[in-house]
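Architecture at a glance
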Amino acid sequence: MKLTKKELAFLDPTHTAKTLVLVYLCFSVPIVLLALFVALIRDGAIPGFTVLSALILNALLGFALLWIACKVYNWVAEKFGGVELALRDLPEEVDAE
């Protein structure tokens, strides 16, 4: 098995944060909605602004933190080296027909 070593030296902060925030929201939105549901049961009512602002802040904070994380990764990768990956070639797919 032949492996090729590659180094992940740079992450585009905007593109990476945009992509990862969508993955992040898949997991965080249900948690935010559960917290809002618990607040609804406890308090009896939740203003629509609270629900909307919680979801928007969740997305904006997620994007901002992921963008910062990419910038930090790029700085660390430049100074000390990035994550090393070992890649291998996969065999060609054979048509079953």
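Please refer to the structure placed before this passage.
None of the values given here were measured: they were computed from a predicted structure.

Turning next to the overall build of the protein chain. Check the secondary structure of the protein chain and you find two helices and two strands. Each helix and strand of the protein chain, placed in order from N terminus to C terminus, yields the pattern β-α-α-β. Relative to the compact-globule value of 13 Å for 97 residues, the protein chain shows a C-alpha radius of gyration of 21 Å, a clear excess of over 25%. Taking the principal axes of the C-alpha coordinates as reference, the protein chain spans close to 60 × 50 × 20 Å. Counting every position in the protein chain, which comprises 97 residues, the buried fraction comes to 15%. Sequence-distant contacts in the protein chain: of pairs separated by 6 or more residues, those separated by 24 or more amount to 83%. For the protein chain, the accessible surface area stands at approximately 8000 Å², while carbon and sulfur atoms represent 70% of it. Put simply, the protein chain has 8 plus and 10 minus side-chain charges, and the middle of one group is 10 Å from the middle of the other.

A separate point is a nonpolar patch on the surface. There is a patch of nonpolar side chains on the surface, built from L57, L61, F63, L65, W67, I68, V72, W75, V76 and F80 and spanning about 1000 Å² of accessible area. Locating L57 in the fold gives a position in helix α2 (residues 48-80). Overall, the relative accessible area of 49% leaves L57 in the partly exposed class.

Here α2 spans 47 Å end to end across 33 residues, near enough to the 48 Å set by a 1.5 Å rise per residue. For α2, every residue scored as buried is listed here: N58, G62, C70, Y73, N74 and A77. Where α2 is buried, its residues contact β1 (3-8), α1 (13-43) and β2 (83-88).

Right, let's talk about the packing of α1 against α2 for a bit. Contact geometry of α1 with α2 gives a least axis separation of 8 Å together with a crossing angle of 145°. Crossing of α1 against α2: the hand is right-handed. Split into classes, the residues belonging to the contact of α1 with α2 amount to 18 nonpolar, seven polar and two charged.

Conventions adopted
Positions within a chain are numbered from 1, following the residues in the order the chain's sequence is written. Where local features are concerned, this predicted model is filtered to residues with pLDDT of at least 70; where side-chain atom pairs are given and counted, the filter is 80 or more; whole-chain, interface and lining totals use all residues. Note that the side-chain values use all heavy atoms of the structure and ignore hydrogens as well as water. Numbering of helices and strands runs from the N terminus, with a helix taken as a DSSP run of H or I at least four residues long and a strand as a DSSP run of E at least two residues long. Atoms considered for the radius of gyration are the C-alpha atoms alone. The globule rule reads 2.2 Å times the number of residues to the power 0.38. Here the term buried applies to any residue with accessible area under 20% of the maximum for its type, exposed to any over 50%, and partly exposed to those in between, with areas from a 1.4 Å probe on protein chains only. Contact definition: two residues touch when any of their heavy atoms are within 4.5 Å. Each accessible area is a Shrake-Rupley estimate made with a 1.4 Å probe; only the visible protein chains count as cover when residues are assessed. We treat Lys and Arg as the positive residues and Asp and Glu as the negative residues; His and chain ends play no part in the count. Charge placement uses NZ in Lys and CZ in Arg. For Asp and Glu, CG and CD serve respectively. Patch membership needs two things, relative accessible area over 30% and no salt bridge, and members are linked within 9 Å if like-charged or within 5 Å if nonpolar (Val, Leu, Ile, Met, Phe, Trp, Tyr). Salt bridges are defined as contacts in which a side-chain nitrogen from Lys or Arg sits within 4 Å of a carboxyl oxygen from Asp or Glu. Here a helix's expected span is defined as the number of its residues, less one, multiplied by 1.5 Å. In this analysis, axes come from line fits to C-alpha atoms, helices being fitted only over the stretch in contact, and the angle between any two N-to-C directions falls in the range 0 to 180 degrees. For any helix crossing, the convention is left-handed if the near helix is rotated counterclockwise from the far helix by under a right angle, and right-handed if that rotation is clockwise. Put simply, Ala, Val, Leu, Ile, Met, Phe, Trp, Tyr, Cys and Pro go in the nonpolar bin, Asp, Glu, Lys and Arg in the charged bin, and everything else, Gly too, in the polar bin.

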